[in-house]
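Residue-level listing of the chains:
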Amino acid sequence: MYQQRNILDNVFYLGSSDRRLNLFENAFPVPNGVSYNSYLVVDEKTVLLDMVDKSVSKAFFENLEHALGDKKLDYVVINHMEPDHTATLEELVYRYPEVTIVGNTKTFTFIKQFFTFDITNKTLEVKEGATLSSGQHTFSFYMAPMVHWPEVMVTYEHEHKMLFSADAFGTFGALSGNIFADEYDYKTEWPAEARRYYSNIVGKYGPQTLALLKKAANLDIDYICPLHGPIWREKEGISWIIDKYSHWAGYIPESDDVVIFYGSIYGGTEDASNHLAAELAKRGAKNIKMYDVSTIDPSYMLAEAFRAKKLVFAASTYNLDIFPKMEILIDDLIAHGLQNRIVALMENGTWATTANKKMKELISGMKNMTILEETVSIKSSLKAEQMPEIEKLAQAIVDAN
Ligand SMILES: Cc1cc2nc3c(=O)[nH]c(=O)nc-3n(C[C@H](O)[C@H](O)[C@H](O)COP(=O)(O)O)c2cc1C
Ligand SMILES: [Fe+2]
Ligand SMILES: [Fe+2]
């Protein structure tokens, strides 16, 4: 049964949420679900902006059919060819054979790779700044390569100042009735999942995201309509999410907080990490967070590394190398281009302790990481005589800027 959700009288929200999905992209846990957003502008010509994942295709086609009424579908704009937004393309073309597919050169290459149906005479290729009119609405297209994939573009509707932003400004988390950010307590509801979405999905492409933010700065924006998560429509919320994106895309920490990541087999490194956390707290550090790399999914820890300025890595030695779950985390941070952090290292070993050296090698390859000279090296378990070293490390972390 269709749902009618309007953004404006003639602009419809056709999306839906999946709360059953275990892993987004078969990689990232989504305990809060995820929404797939699609939009329809009904005008002299009808324009569909992006589609949905196959998991919510039934709801999407019901919503589309209802919103179109007796009108035919004239255009489908494909801002992003990833299957979470285009799995329904072939069925769309079967249902609405007269539709024209709007995209750029790369979009059409990707359509031919993902599908076998014939797109001859069904396409309208657009370049940077090209416009399309549907009657009362004018759309401009701006390329946003690598704001997830190379074919990504965004679409700006001039009359109502709406930016259809593809994956940019998206977030994990299902929509529960409310589709607008201002219908939620968005400053508490969305930052953690928006940050986890951005850092894991787009995080590697900070410079490209900054380029998109620069283009967006030249546009007067009253609505941001992303492909996942809520729609942003009031100035305060729009500024808030753009400010978050400026930090994330620029690899600028949001706070001076300390986050301790520890990897421990028997508990010795964990014990030392707990002592370090207490010493940090005694010296005034607040909001300290500790994560056991063996139990927390890396996607959450990556997001925390994008948020906080000071990162502690504490690991036991494992076959003359780093405890593997810690190495996975550090590799993940490297793969997503994390920069500009203050790093402290702590290691543990019973016969040949090498974790600090190995972690330092990895982290030294990252951009603008300040690795503190003070380190701690534990022999199997923390003893009272080593507490001054932990205290010194805590002081160095608090003092670092
Ligand atoms: C598979 C395996 C490999 C290990 N390899 C090393 C090693 O190469 N060098 C070393 O000093 N200790 C090695 N250890 C021992 C631990 O690093 C050491 O006992 C450490 O104190 C454990 O810290 P934890 O209590 O935080 O787990 C290894 C342990 C395991 C289980
Ligand atoms: Fe994507
Ligand atoms: Fe997506």
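My aim in this report is to walk through the structure given alongside it, one point at a time.

So, how was this worked out
Residues numbered from 1 in each chain as written. Chains lettered and ligands numbered in written order. Predicted model: local features only at pLDDT ≥ 70, side-chain atom pairs only at ≥ 80, totals over all residues. Heavy atoms only, no water. Helix = DSSP H or I, 4+ residues; strand = E, 2+ residues; numbered from the N terminus. Axes fitted to C-alpha atoms, helices over the stretch in contact; angles between N-to-C directions. Parallel < 35°, antiparallel > 145°, perpendicular 65-115°, else oblique. Left-handed = near helix turned anticlockwise from the far one by under 90°. Contact = heavy atoms within 4.5 Å. Nonpolar A, V, L, I, M, F, W, Y, C, P; charged D, E, K, R; others polar. Donors = N, O, S within 2.8 Å, 3.2 Å for Na, K, Ca; no water. Tetrahedral: all angles 85-135°; square planar, octahedral: opposite > 155°, others 65-115°. Core = buried A, V, L, I, M, F, W, Y, C linked by side-chain atoms within 4.5 Å. Buried < 20%, exposed > 50% of the residue type's maximum accessible area, 1.4 Å probe, protein only. Domains from an automatic or database assignment. Near = heavy atom within 4 Å. Polar contact = N/O pair within 3.5 Å; in protein donor to acceptor, adjacent residues only side chain to side chain. Areas by Shrake-Rupley, 256 points an atom, 1.4 Å probe, with all protein chains shown as cover. 1 Å grid on protein atoms, 1.4 Å probe; cavity = no way out; pocket = protein on both sides within 12 Å on 5 of 7 lines; lining within 4 Å. Sits in = over half its atoms within 2 Å of the grid points. Pairing = 2+ DSSP bridges. Right-handed = clockwise from strand over helix to strand, strands pointing away.

**Notes on the environment of Ala396**
Next, step 1: Relative to the helices and strands, Ala396 is located in helix H13 (residues 387-399).
Next, step 2: In this structure, the C-alpha to C-alpha distance between Ala396 and Val77, residues 319 residues apart in sequence, is 53 Å.

**Some details on the packing of helix H9 (residues 268-282) against H13**
Next, step 1: In contact at an axis separation of 9 Å, H9 and H13 are set at 50 degrees when each is read in the N-to-C sense. One way to sum up the angle between H9 and H13 is to call them oblique. Here H9 and H13 pass one another in a crossing that is right-handed. Contacts between H9 and H13 involve Ala272, His275, Leu276, Glu279 and Leu280 from the first element and Met387, Ile390, Glu391, Leu393, Ala394, Ile397 and Val398 from the second.
Next, step 2: Within the contact of H9 with H13, the residues separate by chemical class into nine nonpolar, one polar and two charged.

**Examining the coordination of the iron ion (ligand 3)**
Next, step 1: The coordination sphere of the iron ion (ligand 3) contains the protein donors Asp84 (OD), His85 (NE2), Asp167 (OD) and His228 (NE2), at a distance range of 2.2 to 2.4 Å.
Next, step 2: In this structure, the iron ion (ligand 3) is coordinated by four donor atoms arranged in irregular fashion, with angles at the metal of 87 to 176 degrees.
Next, step 3: Of note, the donors binding the iron ion (ligand 3) are all from one chain and are spaced D-H-x81-D-x60-H.
Next, step 4: Separating the iron ion (ligand 3) from the iron ion (ligand 2) is a gap of 3.3 Å, which Asp167 spans by donating to each of them.

**Examining the nonpolar core**
In a soluble, globular protein the nonpolar side chains are often hidden away together inside.
Next, step 1: Counting 120 residues, the largest nonpolar core has Leu89, Leu92, Phe261 and Phe313 as the members making the most contacts within it.
Next, step 2: Domain assignment of the residues forming this core places at least three in each of domain 1 (5-249) and domain 2 (258-396).
Next, step 3: Among the nonpolar cores identified, the runner-up in size contains 24 residues, and Val258, Tyr262, Leu276 and Ala314 belong to it.

**Some thoughts on the site of ligand 1**
Next, step 1: Near ligand 1 there are 18 residues, and of these Ser264, Ile265, Tyr266, Thr269 and Thr317 occur at the shortest range.
Next, step 2: A distance of 2.6 Å separates an oxygen atom of ligand 1 from a polar atom in the backbone of Gly268.
Next, step 3: In this structure, an oxygen atom belonging to ligand 1 sits 2.5 Å away from a side-chain N or O atom of Thr269.
Next, step 4: In isolation ligand 1 has 640 Å² of accessible area, and contact with the protein removes 88% of it.
Next, step 5: Of all the cavities here, the one that holds ligand 1 is the largest pocket.
Next, step 6: Taken together, the elements giving at least two residues each to the shell around ligand 1 come down to H9, strand E19 (308-318) and strand E21 (342-349).
Next, step 7: Counting residues per element, the shell around ligand 1 draws most heavily on E19, which supplies three residues.

**What about the pairing of strand E22 (residues 370-379)?**
Next, step 1: Note that E21 and E22 share seven bridges and pair parallel. For Val343, the partnering residue across the bridge sits in E22 and is Ile371.
Next, step 2: With respect to chirality, the unit in which E21 leads through helix H12 (residues 355-364) into the neighbouring parallel E22 is right-handed.

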